[in-house]
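Structural description and commentary
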Amino acid sequence: MVQKKPAWYEATIIKDMMGLMGGRALRGGMSHFISSRIYQGKASLLRVAHLLEATIDKEDRRALIITDLFTQKYAKYVTEYLEMIGMEYRIWTGVEPEVPISTIYEGAKICEEFKPQVLIAIGGGSVMDTTKMVMVKYEKPEVNIFMILPYFGSIGLRKKMKYFIAIPTTSGTGSEVTQIAVITDTDRDPPKKLEILSDEFCADITILFTDFVKDMPPFLTMATGLDAFSHAIGAFVSNWGSPFADAMNSTAIKEVIKYLPRAYKYGAKDIEAREHMQMAALMAGIGFGNTTPGIDHALGHSLGKIFNVHHGLSVGLFTIYSIMFQAQVTDRWKLLLPIFDIQEDSKSREELFKEFSQAIKDFITSLDAPVCVKDMKNPEITKEEYFEKLDLLTEYADDDAVALTSFRTMSKKLFRTIFEYAWDGKDIDF
Ligand SMILES: [Fe+2]
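Residues numbered from 1 in each chain as written. Predicted model: local features only at pLDDT ≥ 70, side-chain atom pairs only at ≥ 80, totals over all residues.

1. Focus on the overall build of the chain
As a reminder of what qualifies: Numbered from the N terminus, helices here are DSSP runs of H or I no shorter than four residues, and strands are runs of E no shorter than two. The globule rule is 2.2 Å times the number of residues to the power 0.38, and the radius of gyration it is compared with is taken over C-alpha atoms. We call a residue exposed when 12 or fewer other C-beta atoms sit within 10 Å of its C-beta, buried when the count reaches 20 or more, and partly exposed for counts in between; the C-beta positions come from the backbone. We call two residues in contact when their backbone-placed C-beta atoms lie within 7 Å.
Each helix and strand in the chain was counted, giving 15 helices and eight strands. The globule rule puts the C-alpha radius of gyration for 430 residues at 22 Å, and the 21 Å found for the chain is close to it. Along the first, second and third principal axes, the C-alpha atoms of the chain reach 65 × 50 × 45 Å. In the chain, which comprises 430 residues, the proportion classed as buried is 47%. Restricting to contacts in the chain with at least 6 residues of sequence separation, those with at least 24 account for 78%.

Okay, structure coming up:
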């Protein structure tokens, strides 16, 4: 069955153009460093509350808290401060995992009735991404979300509302500081992930509260942490780097390696590790948001959607293949050797890369996460079903926006072979 492909980046001409430019066509002669105002710590809400009080007239003080059934428990810490400044609020808990498009319209409808000046997202990546899209449909209902062009187009948001405040309850997606929203096109069978990008999606204010992430269960800690790891390392080895993005990404990698194993093992008992992981995920968010993630995200989005695998686990699995694939044409990975305590000495490039890739695999497996599909436990995938779905896996990865920004031009054939190698962990040799 031929499926409808509504997103602009799925058009063949766009893929060809990006291929010709080595993944850089959209960037052209411009680079950007976009981020939120960032506050961390217990006094942050007081400071932000004062800002809202000073900049929004009393009669306009309305905030919509966007959250889900699991993270709504944190809303009360925020509403206390809203009450303090006389801000009317509503709490909408309708966010669903992976952002099915229908939920965006539901949120926008509430905005249309309540007319908030502030949207406060409290939750993980899906809550952040839903808020970004609700903001679009509230402000500009006429906009076709599949045709929002990053880098050169502006939507014209924040005419009806003033602030988008992001308060994450996981440490991984970086969505609290990125210009990216990942949503699910439920009209396709199986549903497909779509990435929508705009500078205007970046939250105006990001608040990091360690209390909101400290009770994450071990699996979520590990999977979201691997998402941050894959953002930072995938972006670092890409050709979109800049000293600014490199600083964010290399520090994030260093922090994740040191603190993710502790956060995974000790959970709420190790607050220092939780704090560092919050900041590492945010830095990786700025790092990849201002460059591009690795093709692990194209591969991982596809596997995740087709076999219902957690995003972080899925992209974590493909991280090593993405690096091995790009390392065929770049030496940027060498700059990361000190982080992994690898001495160059007089080793050959081949020996060094073997050591480097083994260090990454060891790090991922030390967290009980898989580096090949056949070792996956959550869910288990049989060889038959994996290879039976190979065409669809390939098609979804090739149609992913991330595939466009790879500096090695991607093709269905390349994606297919990487999927084949990833079944039992074969090293990429092409
Ligand atoms: Fe991600």
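2. Regarding helix 6 (residues 218-236)
Heads up, the rule is: Here, expected helix span is obtained from the residue count minus one, scaled by 1.5 Å.
The end-to-end C-alpha distance of helix 6, which contains 19 residues, comes to 27 Å, matching closely the 27 Å that a straight helix rising 1.5 Å per residue would cover. For helix 6, the buried fraction is high: 16 of the 19 residues fall into the buried class.

3. Thoughts on the packing of helix 10 (residues 311-326) against helix 15 (residues 412-424)
In plain terms, the rule: Only the contacting stretch of a helix is used when fitting its axis, a line to C-alpha atoms as for every element, and angles between N-to-C directions run 0 to 180 degrees. With respect to orientation, any angle under 35 degrees is reported as roughly parallel, any angle over 145 as roughly antiparallel, any angle of 65 to 115 as roughly perpendicular, and every other angle as oblique. Crossings are sorted by hand: turned counterclockwise from the far helix by less than a right angle, the near helix makes the crossing left-handed, and turned clockwise it makes it right-handed. Gly is put with the polar residues, along with every residue not named as nonpolar or charged; the nonpolar set is Ala, Val, Leu, Ile, Met, Phe, Trp, Tyr, Cys and Pro, and the charged set is Asp, Glu, Lys and Arg.
It is the contact of helix 10 with helix 15, at a shortest axis distance of 10 Å, that shows an interaxial angle of 130 degrees. In terms of orientation, helix 10 and helix 15 fall into the oblique class. Remark: the crossing between helix 10 and helix 15 carries right-handed chirality. Each of Phe318, Tyr321 and Phe325 in helix 10 lies in contact with helix 15, whose residues at this interface are Ile418, Tyr421 and Ala422. Its residues assigned to classes, the contact of helix 10 with helix 15 comprises six nonpolar, no polar and no charged.

4. Here we look at the domain arrangement of the chain
Rules: For every domain, the bounds stem from an assignment made automatically or drawn from a database.
Partitioning the chain into structural domains gives domain 1 (37-212) and domain 2 (217-424). Taking only C-alpha atoms into account, the centre of domain 1 sits 27 Å from that of domain 2. Looking at which element gives the most residues to the side of domain 1 that touches domain 2, the answer is strand 7 (residues 192-197), with three residues. Among the residues making up the side of domain 1 that touches domain 2, the classes are represented as six nonpolar, eleven polar and four charged.

5. Some remarks on unusual backbone geometry
Cis peptide bonds are those with omega within 30 degrees of zero, and the linkage from aspartate 189 to proline 190 qualifies with -5 degrees. Tracing the backbone through its elements, the reader meets proline 190 in the loop between strand 6 (180-185) and strand 7. The amide bond that connects asparagine 378 to the next residue, proline 379, takes the cis arrangement and shows omega of 5 degrees. You can see proline 379 is positioned in the loop between helix 11 (349-366) and helix 12 (383-388). Located in the positive-phi region is lysine 115, a residue other than glycine, with phi close to 50 degrees. Within the element layout of this structure, lysine 115 appears in the loop between helix 4 (101-114) and strand 4 (118-123).

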